[in-house]
Structures are given as structure tokens and as C-alpha cells.
Amino acid sequence: MEIFQHILNALQFGSFYALIALGYTLVYGVLRLINFAHGDIFMVGAYIAFFVAVSLLGTGGLPLGFTDMNPALVLAITVPVTMVLTSFVGVALERTMYRPLRRKGANRLYVVITALMAGLMLENGNLALLGATRKSFPDLLDKVVWDLGGGVSVTNLKVIVIVASIAVFLFLQTIVTRTKIGMAMRGISYDKFAIPLMGIPLDTIIVFTFILGSSMAGLAGILFAMSYPILEPYMGALIGWKAFIAAVVGGIGDIRGAIVGGFLLGFIEIGVVAMFPSTLRDLFAFSVLLIILWLRPTGIFGVAQTTKI
């Protein structure tokens, strides 16, 4: 029965990777841009959730506190506020850093370098403003443990994380495949020069894409902070890189690839920890993913693309 416990743990870890990978794949699918700052947007989302929560709870010496507010109500307010504010961060990066380069026709290499710089700015800006002291995320949800028998147990938070990732995937898949704005997003990925000639506002679609991707990172941030309630400025670096690799393995640009790649990475990591020392987790996980890319360079759901000259 121990294997079922490992499966539940893998689903939880994979959910975090999948939620962040969805942001990578959305932006790449529209702009063919790898937004390397996305992992740090996830970090910013976790910090935004922290400050919103402690403000409403009246802890941390912040002036907006309501000490009698129910933690469940605080959680219900914190989730949408965090997603909205985190989306503002993503849109701000697009407006101030990516859009000027795009309008000047800059080479993609310079845009990638700018994305890396943006991530470092978020990390070190957080460090400069808030210091290196780690933050402890408040308890907003009463922990409930369900015993499934045979030594297998699952918490209500773990179920929420898994269900949230699947719900977000279905929501984004519906938007991209069954709405007019989703059709425009797919059209830009094929030919961003022809789309404006059809009367479709290019910048509006791009901003909407960043809103979707960044809000999902904010949701991942608050769920991760609730699961592992210690926040620090560099928390988004490694998990962001892992989510990016998961998106590439799944087929970056394809929403199905993001969710499959995220869960695949979660299962590989938990499987390695279950059979080998935990220090080998990243080595084995990345080795397996590298083998997958050797066998299928475009990823599981990716397709080879040609460049017109």
C-alpha cells in the first residue's frame, strides 16, 4: 500500500510543477518567448499571498488587520486577490521589458536575456526590500487527514492542490480551444504579422496571455505556501527551472504537455526518493527527462515546426 502514498505525494508535487509550467507554455505558445522570470513571478505570488493574509488576520503588525476574521474567509479573499495582483506583475514585465523589444524587432536572444534579468531583479528586489529573513505563512485551513487504510493517508490540502491543477488545466484548455480569444491566441502563434491585419488587437491578446499565465503562477504560489509555509526570496528559482523543463518535456506550447510534463516530473522525483537517497532526486529526474528528449526532441505533445524564409 506504500505505493499509493507515493502516488498521492507525486500528484501533489506534480500539481505545483504543472501550474507553473502552464504559464511557461501559454506565453511560449503565443509569443514563442521563454519567460524565464515566470518562476520568480510564482515567488512574488507567494509573498503577495502572505502579506494579504497577515493583513486580514491582523498579524505581522500591518495596519489592515481584522483580528476576528475567520481564517477560511481570509483564504477565500486571499486567493483571488493574489491571482489578480500577481497578474499585474506579469503584465508590468510585459509592458516594460518585453513589449519594447518586440516592437523594435529585437532578436529572441536579447528577449531571453531580458527575461533572465527580470527574474534576477524580482529575486534581488525582494531581498533588498524584505531582507533575507524567511517568512512563515499563516495557517488558513484547518488540516483534515483522511486515513484510507493500509498506512495510506491524504490531507484536505493535498486534495485541493491536485483538484486545483486539474481544474485550471480544463479551464485553460477550454479558453484556448473554444473561445474567440483562444482562437486569436492560436492565430498569433502561427503568424503574428497577419493577425493585426485581420483587426485583432495583438497587444491585447498578449496582455491577456500574461494575465492568465501569471495568475496561475500566483495560484501555485499560495498553494505551495500553504503546503510548505516557509517563504524566501529564491524559492522560485529551482522550482521555476523544473517547471520549465517539465513544459519542454511535455511539449512546450501545448497545454496538455504542461500538465503531463508536470505530473511526470513529480512521479519521477517521488519514485527516486522512494528507492534511492534523496540527494539523487534531481540527478535521476533530469537524467530521465533528458532521455525522453533524446527519444522525442519536440516533447511528448510537441510537433516540429518549420521557419519560413
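Residues numbered from 1 in each chain as written. Predicted model: local features only at pLDDT ≥ 70, side-chain atom pairs only at ≥ 80, totals over all residues. Heavy atoms only, no water.

Q: Help me out: how do you make sense of the environment of Arg-296 in this one?
A: With respect to the secondary-structure elements, Arg-296 resides in the segment after α10 (281-295). Sequence spacing of Arg-296 and Phe-88 is 208 residues, and the spatial spacing of their C-alpha atoms is 36 Å. (Helix = DSSP H or I, 4+ residues; strand = E, 2+ residues; numbered from the N terminus.)

Q: Help me understand the pairing of strand β3 (residues 152-155), please; the structure alone is not making it clear to me.
A: Remark: a regular strand shows side chains that alternate across the two faces of the sheet. For strand β2 (residues 145-149) and β3, the ladder comprises four bridges, and the chain directions are antiparallel. Across the sheet, the residue bridging to Gly-149 is Val-152, located in β3. Remark: two residues form the turn of the hairpin made by β2 and β3, two consecutive strands paired antiparallel; Gly-150 in that turn has positive phi of roughly 65°. (Pairing = 2+ DSSP bridges.)

Q: Help me understand the side chain of Thr-25 in this model?
A: In this fold, Thr-25 is placed in helix α1 (residues 2-31). Here Thr-25 falls in the buried class, since its relative accessible area comes to 2%. Side-chain polar atoms of Thr-25 contact the backbone nitrogen of Gly-253, separated by 2.5 Å. Ignoring anything within four residues of it in the chain, the contact list for Thr-25 reads Gly-251, Ile-252, Gly-253, Asp-254, Ile-255 and Ala-258. (Buried < 20%, exposed > 50% of the residue type's maximum accessible area, 1.4 Å probe, protein only. Polar contact = N/O pair within 3.5 Å; in protein donor to acceptor, adjacent residues only side chain to side chain. Contact = heavy atoms within 4.5 Å.)

Q: What is the right way to look at the pattern of salt bridges in this model?
A: Any two side chains of opposite charge can pair, on the condition that their charged atoms come close. Counted under the stated rule, the structure contains nine salt bridges. Of the charged contacts, one joins Arg-99 and Asp-203 as a salt bridge, the two residues approaching to 3.9 Å between their closest N and O atoms. Of this pair, Arg-99 sits in helix α3 (residues 71-103) while Asp-203 sits in helix α7 (residues 202-227); the two residues are 104 residues apart in sequence, bridging distant segments of the chain. A relative accessible area of 9% places Arg-99 in the buried class. (Salt bridge = Lys/Arg side-chain N within 4 Å of Asp/Glu carboxyl O.)

Q: Explain unusual backbone geometry here, please?
A: Note on backbone geometry: most residues besides glycine have negative phi, and most peptide bonds are trans. For Arg-32, which is not a glycine, the phi torsion comes out positive at approximately 55°. Along the chain, the position of Arg-32 falls in the loop between α1 and α2 (38-57). According to the relative accessible area criterion, Arg-32 is buried, its value standing at 18%.

Q: What is the right way to look at the packing of helix α5 (residues 156-178) against helix α6 (residues 180-190) in this model?
A: Two measures define how a pair of helices packs: the angle their axes make with one another and the distance between the axes. At a minimum axis distance of 5 Å, the contact between α5 and α6 shows a crossing angle of 75°. Between α5 and α6, the interaxial angle falls into the category roughly perpendicular. Mapping the contact onto sequence places Ile-175, Val-176 and Thr-177 in α5 and Ile-181, Gly-182, Met-183, Met-185 and Arg-186 in α6. (Axes fitted to C-alpha atoms, helices over the stretch in contact; angles between N-to-C directions. Parallel < 35°, antiparallel > 145°, perpendicular 65-115°, else oblique.)

Q: Hey, could you run me through the packing of α1 against α2 in this one?
A: Put simply, α1 and α2 touch, their axes get as near as 10 Å, and they point 130° apart. Between α1 and α2, the interaxial angle falls into the category oblique. Crossing angle aside, the handedness with which α1 passes α2 is right-handed. Between α1, through Ile-20, Gly-23 and Tyr-24, and α2, the contact on the second element is made entirely by His-38, Gly-39 and Phe-42. (Left-handed = near helix turned anticlockwise from the far one by under 90°.)

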